[in-house]
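# Results of the structural survey
Spelled out from the first residue to the last, the chains are:
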Amino acid sequence: MRTRPGSPSVGEGSGPPERAAGLPPPAERGATVIPGRVVARVAVQAARTAQSRRAAVPPDRGAPMTPSASAAVGAGSVRVHLTMDLPYPTDIPGVCERIQQDVAERVARLTGFRVAEVTLTVRRLLTAADAGRGRVR
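First, a word on scope: everything that follows refers to the structure included in this document. (Residues numbered from 1 in each chain as written. Predicted model: local features only at pLDDT ≥ 70, side-chain atom pairs only at ≥ 80, totals over all residues. Heavy atoms only, no water.)

### Focus: the overall build of the protein chain
Which entries qualify depends on this criterion: Where helices and strands are cited, they refer to DSSP runs of H or I of at least four residues and of E of at least two residues respectively, numbered from the N terminus. Relative accessibility under 20% of the residue-type maximum defines a buried residue, over 50% an exposed one, and the middle range a partly exposed one, all with a 1.4 Å probe and only protein chains included. Between two residues, a contact is recorded if the distance between any of their heavy atoms is within 4.5 Å. The Shrake-Rupley method, run with a 1.4 Å probe sphere, supplies the accessible areas, and residue values consider only the shown protein chains as cover.
Of regular secondary structure, the protein chain possesses four helices and three strands. Overall, the protein chain shows an N-to-C arrangement of helices and strands of α-α-β-β-α-β-α. Taken over 137 residues, the protein chain has a buried fraction of 27%. Looking at the protein chain alone, contacts between residues at least 24 apart form 70% of all its contacts between residues at least 6 apart. Summing over all exposed atoms, the protein chain offers an accessible surface of approximately 9400 Å²; the carbon and sulfur share of this is 52%.

Quick look at the structure:
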């Protein structure tokens, strides 16, 4: 096995690996960019999980529509806007707050962004009557 003069052989030394020839230092190479639509997809997944866990919609209440989300990314932070259905009756403010916290934590963990704000709009409240209501032709 050949090594460059002055470089340790495999298994020798514990110093940092040498910089590859011709590459600038890591700090000067660029940055990973995560577009807002990707952050929004992560937020939708997190909202769907939080919706089933925090606002458990029983099967007899009708199927809630999939949450939707948009995200504005800037300077290492993100603002997320969610729109979703919730069951009624429920503690709407309490459930919304817990969903916002869950989504903020998950988005921050998966993207590395600081989540500045999560706003939540309740699209509709699902009642027991919504389950029997179908489309009339």
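Having seen the structure, we can now continue with the description.
### Topic: the sheet that holds strand β3 (residues 114-126)
Through backbone hydrogen bonds, the strands of a sheet pair up, either in parallel or in antiparallel fashion. Convention followed: We treat two strands as partners when DSSP finds at least two bridges between them. Think of each axis as a best-fit line through the C-alpha atoms, taken over the contacting stretch in the case of a helix, with angles from 0 to 180 degrees between the N-to-C directions.
As summarised here, the arrangement of the three strands in space is β1-β2-β3, forming an open sheet in which the pairing is mixed. Single-partner strands in this sheet number two, and they are β1 (68-74) and β3. The mean inter-strand angle of the sheet, taken between neighbouring strand axes irrespective of direction, is 15 degrees. The sheet contacts of helix α2 (residues 36-54) involve β1 and β2 (77-87), and relative to β1 the element is tilted by about 135 degrees. Helix α3 (residues 92-111) contacts β2 and β3 of the sheet and is inclined by roughly 140 degrees relative to β3.

### Things to note about α3
To keep things clear, this is the line we draw: One less than the residue count of a helix, multiplied by 1.5 Å, gives the span that helix is expected to have.
Compared with the 28 Å implied by 1.5 Å per residue over 20 residues, the 28 Å span of α3 between its first and last C-alpha is a close match. Buried residues along α3 sit against α2, β2 and β3. Positive phi shows up at glycine 112, right after α3, with a value of about 85 degrees.

### Here's the deal with α2
Under the 1.5 Å per step criterion, the end-to-end length of α2 is 25 Å for 19 residues, consistent within 8% with the ideal 27 Å. By the burial criterion, the buried members of α2 are Gly36, Val39, Ala40, Val42, Ala43, Val44, Ala46, Ala47, Ala50 and Gln51. Looking at the buried residues of α2, the elements they touch are β1, β2 and α3.

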